[in-house]
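# Chains, contacts and geometry: an overview
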Amino acid sequence: MPRSGPLPAAFSLLLATAALLPGPAAAQNEPRINASEDVVLHVAGVAVTLQCNLTSSPSPLTASYWVKNGEEIPGTRKPSNTTEYKIPKARAEESGEYLCVFVFSSSPVANATIEVRATPDITGHKRSENKNEGQEALMYCKSVGFPHPEWVWRKKVNGVFEDINNSSGRFFISNKENYTELSITNLQINEDPGEYQCNATNQVGSVSVTTILRVRSHLAPLWPFLGILAEIVILVVIIVIYEKRKRPDEVPDDDEPAGPMKTNSTNNHKDKNLRQRNTN
């Protein structure tokens, strides 16, 4: 007679595992999405079309729409298992992480991810920064492009851009995805002026821009006053020199009588007339 008793432990574990595995019907009900490949924008301005096709759904479909960087794209929601999103002139600002999302009546939503990558494009930075000695300078750069770049600040030394030497402890760099800041405290007029470069690099490419830092002396606020004072001094000197160089005959003599005086020639003329009369 065959023996009856508890099943072997290995056989019991096998039965339990088989019970947990989904059956053929459950596997067929899982959503399946065919999505287009990731896109790399090597040239700006080209047209790009993203496509998704829902080939299998666990329950009736109610809607599909597109999401970019976590936000739904307006005007893309519709009740269709085939959806596409067109970018007529793709540039760096259109790059990002796109999701096609499918919503079902009685099942969790399903989605597929398509990445559109591009070289960073720096859209904002200071062309120049003018500060006084001892003040703080703040330079920044912001960019568009996906993936988010890694930022590096450099300074031109002897005609070559080199990574910033922070031995003085006065340089502070702050990076936040598509934004970076460089601040320099207690500016030194002999050390800090020059060209500073921010560089953004991601998996697709790299880009750099330059900011010129000018540091003025402590006396810079006094320059307008000193200029006015110098003009006054020059004007006074010119007046004094002009007065000293006047010709003597232009200066009236206080002893000279105010009225006209008769000259000796007039008296001689009268004597001559008198002699002529006596002769006659």
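Here the structure is shown first, and the text comes after it.
Summarised in this report is the structure supplied together with it. Note that the structure is predicted; figures quoted are calculated from it, not measured.

Analysis parameters
- Residues numbered from 1 in each chain as written.
- Predicted model: local features only at pLDDT ≥ 70, side-chain atom pairs only at ≥ 80, totals over all residues.
- Heavy atoms only, no water.
- Pairing = 2+ DSSP bridges.
- Helix = DSSP H or I, 4+ residues; strand = E, 2+ residues; numbered from the N terminus.
- Axes fitted to C-alpha atoms, helices over the stretch in contact; angles between N-to-C directions.
- Disulfide = S-S within 2.5 Å.
- Buried < 20%, exposed > 50% of the residue type's maximum accessible area, 1.4 Å probe, protein only.
- Polar contact = N/O pair within 3.5 Å; in protein donor to acceptor, adjacent residues only side chain to side chain.
- Contact = heavy atoms within 4.5 Å.
- Patch = residues over 30% accessible without salt bridge, like charges linked within 9 Å, V, L, I, M, F, W, Y side chains within 5 Å.
- Areas by Shrake-Rupley, 256 points an atom, 1.4 Å probe, with all protein chains shown as cover.
- Salt bridge = Lys/Arg side-chain N within 4 Å of Asp/Glu carboxyl O.
- Phe/Tyr/Trp six-rings, centres within 6.5 Å; stacked < 30°, edge-to-face > 60°.

In this section: the sheet that holds strand S11 (residues 137-144). Ordered by their spatial adjacency, four strands build an open sheet running S9-S11-S15-S14, and the pairing between neighbours is antiparallel. Strand pairing shows two members of the sheet lacking a second neighbour, strand S9 (121-125) and strand S14 (171-176), which therefore form its edges. Strand-to-strand twist of the sheet, defined as the mean angle between neighbouring strand axes without regard to direction, takes the value 20 degrees. Relative to S11, S9 runs antiparallel, the two sharing four bridges. Within S11, the residue paired with Gly 124 across the bridge is Lys 142.

So, on to the state of the cysteines. Applying the stated rule across the entire model yields two disulfides. Each sulfur of the disulfide joining Cys 52 and Cys 100 lies 2.0 Å from the other. As the torsion about the S-S bond is roughly -80 degrees, the Cys 52-Cys 100 disulfide counts as left-handed. Here Cys 100 lies in strand S7 (residues 96-104) and Cys 52 lies in strand S3 (residues 46-56), a separation of 48 residues in the sequence. With respect to class, Cys 52 is no different from Cys 100; both count as buried. Disulfide pairing is shown between Cys 141 and Cys 198; the S-S distance is 1.9 Å. On the sign convention where negative means left-handed, the S-S torsion of about -90 degrees between Cys 141 and Cys 198 marks this disulfide as left-handed. Highlighted residues: Cys 141 in strand S11 and Cys 198 in strand S16 (residues 194-201), separated in sequence by 57 residues. Accessibility expressed as a relative area gives 0% for Cys 141, which makes it buried. Owing to a relative accessible area of 1%, Cys 198 belongs among the buried residues under this scheme. Taken in N- to C-terminal order, the disulfide-linked cysteines of the protein are connected 1-2, 3-4.

We now examine the side chain of Thr 211. Examined against the element boundaries, Thr 211 turns out to sit in strand S17 (residues 206-216). We classify Thr 211 as buried; its relative accessible area is 1%. In terms of polar contacts, Thr 211 uses its side chain to reach the backbone carbonyl oxygen of Lys 126, at 2.4 Å. In contact with Thr 211, not counting residues within four places along its chain, are His 125, Lys 126, Arg 127, Ser 128, Glu 129, Met 139, Gly 194, Glu 195 and Tyr 196.

Attention shifts here to the sheet that holds strand S6 (residues 82-90). Here three strands make up an open sheet; going across it, the order is S1-S3-S6 and the pairing antiparallel. Of all strands in the sheet, those bounded by a partner on one side alone are strand S1 (32-35) and S6. On average, adjacent strands in this sheet sit at an angle of 15 degrees to one another, irrespective of strand direction. Bridging between S1 and S3 involves four bridges; their strand directions are antiparallel. When the bridges of S3 are listed, Ile 33 appears paired with Leu 54.

Where strand S12 (residues 150-157) meets S16, six bridges bridge the pair, whose relative direction is antiparallel. Paired with Lys 155 across the strands is Tyr 196, a residue of S16. Of the pairings in the sheet, the one linking S12 to strand S13 (residues 160-163) comprises four bridges and is antiparallel in character. Paired with Val 157 across the bridge in S13 is Val 160. Taking the residues that link successive antiparallel strands as the turn, the S12-S13 hairpin has two residues, and the phi of Asn 158 there is positive, at about 55 degrees.

A separate point is a nonpolar patch on the surface. A surface patch of nonpolar side chains, about 540 Å² in accessible area, is lined by Phe 225, Leu 226, Leu 229, Val 233, Val 237 and Ile 241. The topology assignment puts Leu 229 in helix H3 (residues 223-244). Owing to a relative accessible area of 41%, Leu 229 belongs among the partly exposed residues under this scheme.

Looking now at the packing of aromatic side chains. The full count for this structure, using the stated rule, is three aromatic pairs. With centroids separated by 5.9 Å and ring planes inclined at 35 degrees, the aromatic side chains of Tyr 85 and Tyr 98 adopt a geometry described as tilted. Placement of the pair is Tyr 85 in strand S6 and Tyr 98 in strand S7, with a sequence separation of 13 residues. Its relative accessible area of 21% is what places Tyr 85 among the partly exposed residues.

Spatial relationships are all this shows, so hold off on functional conclusions.
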